[in-house]
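# Inside the fold
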Amino acid sequence: MGIRTGDQYIQGLRSRQPEIWLQGRKVTNVCEEAVFRQPIQEIAKLYDMQYDEKYQDKITHICQETGERVNNAFLVAKTPEELRAKRAVYEAYAEATFGLMGRTPDFLNVVLTSLYSNASFLERYNPQWAENVKTYYKHVRDQDLFLTHAIINPQNDRSKSSHEQNDVYTHLGTVEETPEGLIVKGAKMLATLAPITDEVIIYSFPGFQPGDERYALAFAIPINTPGLRIICREPMQDGIRSVYDHPLASRFEEMDAVLVFHDVLVPWERLFLYNNVEAANLLYPKTGIGQQPAHQSGVRGLVKLQFATEVAMRLADSIGVDIYPNVQNNLGELAQSLESVRALLKTAELEYETLPSGELMPGYIQLETIRGLLPKLYPRAIEVMQIIGAGGLLMSPTDSDMEHPELVEDMEKFYAGRKGISGTDRVRLFKLAWDLCGEAFGQRLLQYERYYTGDPVRKLAIFYNNYKKSHACTMVDDALSVYSAKSASQTEQVL
């Protein structure tokens, strides 16, 4: 089939009935549920971009294997041009959502492509696992499916490994083997956008210990598989707020969910790894499923940081405070942060690594540096926005106030900004900023940026240890060599 339209994506959602729980009730029609309605439309727009003449040749390509047009996220890049073609889809989707939707379809399609192109790793443990990954990649590519994933265990007792929890099936694990497949039970999180996706792929961060064999799992199943329960978090918006009052929260809410598996059957052909602690611990470093999607998340993070920086700049300009050195200093800091991330991305694409398969992978050091910086840079951008907006962020009237005949004059007189900025313009801008820096929606975006890539402390420690191994500190040796030279000179004088 190749690329889908937005309408085909929506029809796919309508054709299924996954078990979705939202605020204590089952959702019977996900497309008509207020909380999901607008986010579904935003994802549909991304699918429609594939048919838009403005984007089609930039974000899709003709698959040599099938002859069908497919998304660039499925491209196994073998040349710098193909690497840039992948970046093009990341940019297009991020810009269409202002970087506020972190799990657009391209993200997990990149993960799956990386598993596919490095399936030789799985082949060493079980040739069938490798074959399953390759088949599944083609299925998702050719049907243009939208995946969610759940790779974290519930936050129960983090001081204990999975097999040491009070209940053996607190974390997702194998129950038994059957002729049809594997029966699994337990829970995983954090499945972003799960209610409005087609399928879910399961795998885990490294960290398995001896005794955790039953939890060493990787597989993919349809989101409506019997026994799979989707428990949504409390919504950050109710789905009926006006776009005027909440221009971001009303459109880009990414629902997160815990996935609970009640004796779910995973067909053998959908199984990619199980009962092997060593393979599970090496899955990330050996298949590139951490590094390749870091390219997508780096581009998305850049767009999100740019959006926040632009909002902060416009806030300052709208009320005339960017003439003050302290405000200029804060905004200059954000601008330099933004350009630093942009430069790191370009360098990562120039200093790529060529894998044995011939696939290109953007530079590890640059991508991991972005991952280490964004959890600090984005919160700082939000803080600067809050400082600039100050009390004005708390005082915005509603759409109904702005349009009421008795209030119109007051709205324009007392809510106006500097010369040339009307009351309507300033209120709209401050509402945009409040959605980003004050609303629950914005706080979720902040928390997401801090933890979307995992524990930032642990990640930075891993980065340092890898950096230390690859850097011999030869400059220090050169500086210390003066002592060897001095000692040799003294020896010559004695002789």
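Residues numbered from 1 in each chain as written. Predicted model: local features only at pLDDT ≥ 70, side-chain atom pairs only at ≥ 80, totals over all residues. Heavy atoms only, no water.

### Focus: the overall build of the chain
A tally of helices and strands in the chain yields 18 helices and 14 strands. Its C-alpha atoms give the chain a radius of gyration of 25 Å, near enough to 23 Å, the size a compact globule of 495 residues would have. A separation threshold of at least 6 residues defines the contact pool for the chain, and within that pool the share at least 24 residues apart is 75%. Here the chain contributes 51 positively and 65 negatively charged side chains, and the mean placements of these two sets differ by 2 Å. (Helix = DSSP H or I, 4+ residues; strand = E, 2+ residues; numbered from the N terminus. Rg over C-alpha atoms; globule rule 2.2 N^0.38 Å. Contact = heavy atoms within 4.5 Å. Lys, Arg positive; Asp, Glu negative; His and termini not counted. Charge placed at Lys NZ, Arg CZ, Asp CG, Glu CD.)

### Some details on the UniProt feature "domain: HpaB/PvcC/4-BUDH C-terminal" (unreviewed entry) in the chain
Within this numbering scheme, the UniProt entry marks residues 280-480 as carrying the feature "domain: HpaB/PvcC/4-BUDH C-terminal" (unreviewed entry). Secondary structure across residues 280-480 comprises 74% helix and 2% strand; the distance between its end C-alpha atoms is 43 Å. (UniProt positions renumbered as here; feature names shortened; annotations may be inferred.)

### Quick word on the environment of K138
Position of K138 among the secondary structure elements: in helix 7 (residues 127-143). Each C-alpha atom, one on K138 and one on A88, is 21 Å from the other, the two residues being 50 residues apart in sequence. Here K138 is in contact with E65 and Y116, once residues within four sequence places are set aside.

### Some points on the packing of helix 10 (residues 292-318) against helix 11 (residues 325-350)
Running from N to C, helix 10 and helix 11 cross one another at 160°; their axes reach a closest spacing of 10 Å. Classified by the interaxial angle, the pair formed by helix 10 and helix 11 is roughly antiparallel. Helix 11 is crossed by helix 10, and the crossing has left-handed handedness. The segment helix 10 lies against helix 11, with H295, G298, V299, L302, L305, Q306, T309, A312, M313 and A316 engaging V327, L331, L334, A335, S337, L338, V341, R342, L345 and E349. Among the residues forming the contact of helix 10 with helix 11, the class breakdown is 13 nonpolar, 5 polar and 2 charged. (Axes fitted to C-alpha atoms, helices over the stretch in contact; angles between N-to-C directions. Parallel < 35°, antiparallel > 145°, perpendicular 65-115°, else oblique. Left-handed = near helix turned anticlockwise from the far one by under 90°. Nonpolar A, V, L, I, M, F, W, Y, C, P; charged D, E, K, R; others polar.)

### With respect to the packing of aromatic side chains
Applying the stated criterion across every chain, the model contains 16 aromatic pairs. Ring geometry for Y448 and Y452: centres 5.5 Å apart, planes at 10°, overall stacked. Y452 matches Y448 in its accessibility class, with the two residues each being buried. Connected via pairs of aromatic rings, a cluster forms that spans Y9, Y47 and F146. Looking at R300, its charged tip hangs above the ring of Y452, at a distance of 5.1 Å from the centre. (Phe/Tyr/Trp six-rings, centres within 6.5 Å; stacked < 30°, edge-to-face > 60°. Buried < 20%, exposed > 50% of the residue type's maximum accessible area, 1.4 Å probe, protein only. Lys NZ or Arg CZ within 6 Å of the ring centre and 35° of its normal.)

### Notes on the pairing of strand 10 (residues 228-232)
The alternating pattern of strand 10 places L228, I230 and C232 on a buried face, while none of R229 and I231, on the opposite face, is buried. As judged from the 3 bridges shared by strand 1 (residues 19-22) and strand 10, these two strands associate in the parallel manner. By the bridge assignment, I20 is partnered in strand 10 with I230. (Pairing = 2+ DSSP bridges.)

### A short note on a negative patch on the surface
On the surface, D7, D48, D52 and E53 cluster together to form a negatively charged patch. Its location among the elements puts D48 in helix 2 (residues 34-49). (Patch = residues over 30% accessible without salt bridge, like charges linked within 9 Å, V, L, I, M, F, W, Y side chains within 5 Å. Areas by Shrake-Rupley, 256 points an atom, 1.4 Å probe, with all protein chains shown as cover. Salt bridge = Lys/Arg side-chain N within 4 Å of Asp/Glu carboxyl O.)

### Describing the domain arrangement of the chain
Interface size is commonly expressed as the accessible area that is lost once the parts come together. In terms of domains, the chain is made up of domain 1 (6-287) and domain 2 (291-470). Tallying the contact residues gives 42 residues for domain 1 and 41 residues for domain 2. Interface area, domain 1 with domain 2, both sides summed: about 3600 Å², of which 63% is carbon and sulfur. Ranking the residues of domain 1 by area buried against domain 2 places L83, R87 and Y244 at the top, with a combined share of 21%. One can count 5 salt bridges joining domain 1 with domain 2. Note that D245 and K431 form a salt bridge whose closest N and O atoms lie 3.1 Å from each other. Remark: the boundary between domain 1 and domain 2 carries 14 residue pairs in polar contact (both at pLDDT 80 or more). At the level of secondary structure, the elements contributing two or more residues to the side of domain 1 that touches domain 2 comprise helix 4 (80-96), helix 5 (105-117) and helix 8 (249-252). (Domains from an automatic or database assignment. Buried area = accessible area lost by both parts, 1.4 Å probe. Polar contact = N/O pair within 3.5 Å; in protein donor to acceptor, adjacent residues only side chain to side chain.)

### Description of the pairing of strand 8 (residues 199-202)
Alternating residues of strand 8 divide into E199 and I201 and V200 and I202, and every residue in both groups is buried. By the bridge criterion, 4 bridges tie strand 5 (residues 147-150) to strand 8 in an arrangement that is parallel. The partner of T148 across the bridge, within strand 8, is V200. Inspection of the sheet shows strand 8 paired to strand 9 (residues 217-222) by 4 bridges, in the antiparallel sense. Each residue of the ladder has a partner; that of E199, found in strand 9, is P222.

### Topic: the sheet that holds strand 6 (residues 173-177)
Taken in spatial order, the 6 strands make up an open sheet running 2-1-10-11-7-6, and their pairing is mixed. Looking along the sheet, the strands with just one partner apiece sit at the ends: strand 2 (25-26) and strand 6.

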